[in-house]
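# An overview of the molecular structure
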Amino acid sequence: MHILRLVRSRIDDRERGVAMVMVIGMTILLSGLVVAGVAYATGAARSAQTDQDWSSSLAAAYAGVEEYESRLANDLGYFAYGNPAAPFSASSAGRLTLPTGLGANPAFGLGPTGTWAFVAGSGNTAEFRYEVDNSTFYADGTLRLRSTGRAGGETRTIVADIKQKGFIDFLYFTDYEVTDPQAINPASTDNCAIRYYDAASRSHCNSIFFGGADEINGPLHSNDAIQTNGPASFLGKVTTGYDAPSGANYVRTGGTAPSFYLAGDPQTVATIGMPATNSQIKKETRSDLAEVPVTGCLYTGPTKITFHDNGEMTVISPWTLRTNTTGASDTGGSSPTKCGVPGSSGLAARTGSAFVGQRFAIPQNLVVYVQNVPNVAGNINRTVGSTTPHGSVTCPTNGNVIGYPLAGESVPFSTAYGCRNGDVFVQGTLRGKMTIASENYIYVTGDIRYRDPAEDMLGLVGNNAVWVYNPMRPADTQTNRTTSQKNTLETAGYVCTMTSGGWDPRYTCRLGAEMTAGGDRRIDAAMLSVAHTFMVQNYNKGSARGTLTVNGAIGQKYRGPVGTGSGATMSTGYGKDYNYDERFRYTAPPKFLSPVTTTYGVSVWIEVEPAFRPDGSVS
């Protein structure tokens, strides 16, 4: 028994030792799991917090851009504010100032002790700073903003290009969908600045329709109601200021329904206000204004500009005395050589009896304004009478001294080529970027093409109409012609159309009377008529000329006709081939005119390396 107890005792002791080892092992294992669990939970919490801060800092950077846009919307001059000491603003340092007093903006802070602006609604846990680069604003109206958001211990930065929204956001912009009565007869007192929904009071006006031959290859906006009469094709976004009482927001007056690329178009949006004049652009030719760091060129009286594909242009401007002015009333001025030399050795140079002007290189991002000949005492460009100050050439009746009208031309109306008017006549192949504005008419006298469609850019801003030049001789029209008479006239070059059918049809026959050679016309430009229209001169006379191709944008107060015809067949003038210049979505010709209620929008943005560390120091 003793032996048995001894044996059992040794066995029990051994079992107890094994159990102890197992208990200790399990304890260590469980402790390890607890520690690992706590460590995992702590790490996950930290990771979640980091992820949240990472996302919040980017959201704060976006909030900074939106806050800056709202400041621009409230103050169109806010582009001139910024911290000139900010690294991103180095190229704009001379054109930026810090707002002070009540206008002080904490988002312009810099460095570890500098201020940040809080993101509204974040409980002051998210902040932003931004830096402004306005170095190209004076050229193309675009701003660049670098916005840095901060949340927790994270910072993230985005760079955004901000562009003024304007007329060139559309391939085709119109204020009123009717013919401009003053474009046909400048003496007309008819008022057609009336919307479609007030049709009873504009019954005397001539509405213009989009027909079956019309294909709009880009965005379109009308402040009025779009009217169609045929299967027009709208291949871009279409918006209108018209809100139909029911159904689609356009008016179909007949024919097959038009087609819209985007379902639900036209969408109703707010109207876009047109400025009263383009005189704002003239300011760019003053040499005494701080907000005009690079002056343009001012020409006076009828002026002809011909582009050459080597980057030069020839300017004929016999009335010009000074190409830059000073003072609100132009009482002083100068003539920088970049604009050509006024006088008989330059802008008014002659060969025989014809003015030939001066040829010189086109300055970078040039703005040109052509004004009427002033007749106000003290104006540096004042000339009295109808004789040029250089060369002493007197204007012909109903014409100017630079060759318009052509010999034998039937002038559409007596003031078409005013002796002292600020008209500009332009054509050629452009190499460069420029905007030409006129106080009166712009005549496109031939093709205008870009030497490099990716780099070159032109803006044409007429205070009055922008004309596609199409001069005519006195035409002969014979009406009520029989079939045999029609056949004889067609042999002689007449173009006849049937005016009544039946067993004895009658025809109207017109003798083609165009004075310029060639058929199709091409214009590479953004064009805007502030007070009137873009149209073809003598659009309803002569014969069909071919296709009018526009690669750019067209803005106008009134719709302007470019030809007549039925369906896709043209009788006179031009058929349309209009194409949007996609570059206008993010840039613009130099100082191109903006709407009176312009806003800003982001055209491009991208995330970059953080500009500031979480402590505010520069990265």
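Rules and cut-offs
Residues numbered from 1 in each chain as written. Predicted model: local features only at pLDDT ≥ 70, side-chain atom pairs only at ≥ 80, totals over all residues. Heavy atoms only, no water. Pairing = 2+ DSSP bridges. Helix = DSSP H or I, 4+ residues; strand = E, 2+ residues; numbered from the N terminus. Disulfide = S-S within 2.5 Å. Buried < 20%, exposed > 50% of the residue type's maximum accessible area, 1.4 Å probe, protein only. pLDDT = per-residue confidence, 0-100. Contact = heavy atoms within 4.5 Å. Patch = residues over 30% accessible without salt bridge, like charges linked within 9 Å, V, L, I, M, F, W, Y side chains within 5 Å. Areas by Shrake-Rupley, 256 points an atom, 1.4 Å probe, with all protein chains shown as cover. Salt bridge = Lys/Arg side-chain N within 4 Å of Asp/Glu carboxyl O.

Turning our eyes to something else, we now look at the sheet that holds strand β12 (residues 251–254). Spatial ordering of the open sheet is given by β6-β9-β12, a layout of three strands whose pairing is parallel. Here the strands that pair on one side only, and so sit at the sheet edges, are β6 (210–211) and β12. Alignment of strand β9 (residues 227–229) against β12, held across three bridges, turns out to be parallel. Bridge pairing in β12 places Asn 229 opposite Gly 254.

So, on to the state of the cysteines. Note on terminology: a disulfide is the covalent bond linking the sulfur atoms of two cysteines. Within the structure shown, the criterion is met by three disulfides. The disulfide bridge from Cys 192 ends at Cys 205, spanning 2.0 Å between sulfur atoms. With the S-S dihedral at roughly -100 degrees, the linkage between Cys 192 and Cys 205 falls on the left-handed side. Note that Cys 192 is positioned in the loop between α3 (181–184) and β6 and Cys 205 in the loop between α3 and β6, a separation of 13 residues in sequence. Relative accessible area serves as the criterion here: at 2%, Cys 192 is assigned to the buried category. In this model, Cys 297 is linked to Cys 339 through a disulfide, with the two sulfur atoms separated by 2.0 Å. The S-S bond linking Cys 297 to Cys 339 shows a torsion near -80 degrees; that makes this disulfide left-handed. Of this pair, Cys 297 sits in strand β15 (residues 297–300) while Cys 339 sits in the loop between β19 (332–334) and β20 (350–351), and the two are 42 residues apart along the sequence. Accessibility classification places Cys 297 together with Cys 339 in one group, the buried group.

On to the confidence of the model for the protein. When pLDDT drops low, the exact placement of atoms in the prediction is not to be read closely. On average, residues of the protein score 88 in pLDDT, and 90% of them reach the 70 mark or higher. For residues 1–12, every residue scores under 50 in pLDDT, and the model assigns this stretch zero contacts once sequence neighbours within four places are set aside.

Moving on, we come to a nonpolar patch on the surface. Residues Leu 235, Tyr 261 and Leu 262 make up a contiguous nonpolar surface patch of about 300 Å² in total accessible area. Checked against the element boundaries, Tyr 261 lands in the loop between β13 (259–260) and β14 (267–268). Judged by relative accessible area, Tyr 261 falls into the exposed class, the value being 60%.

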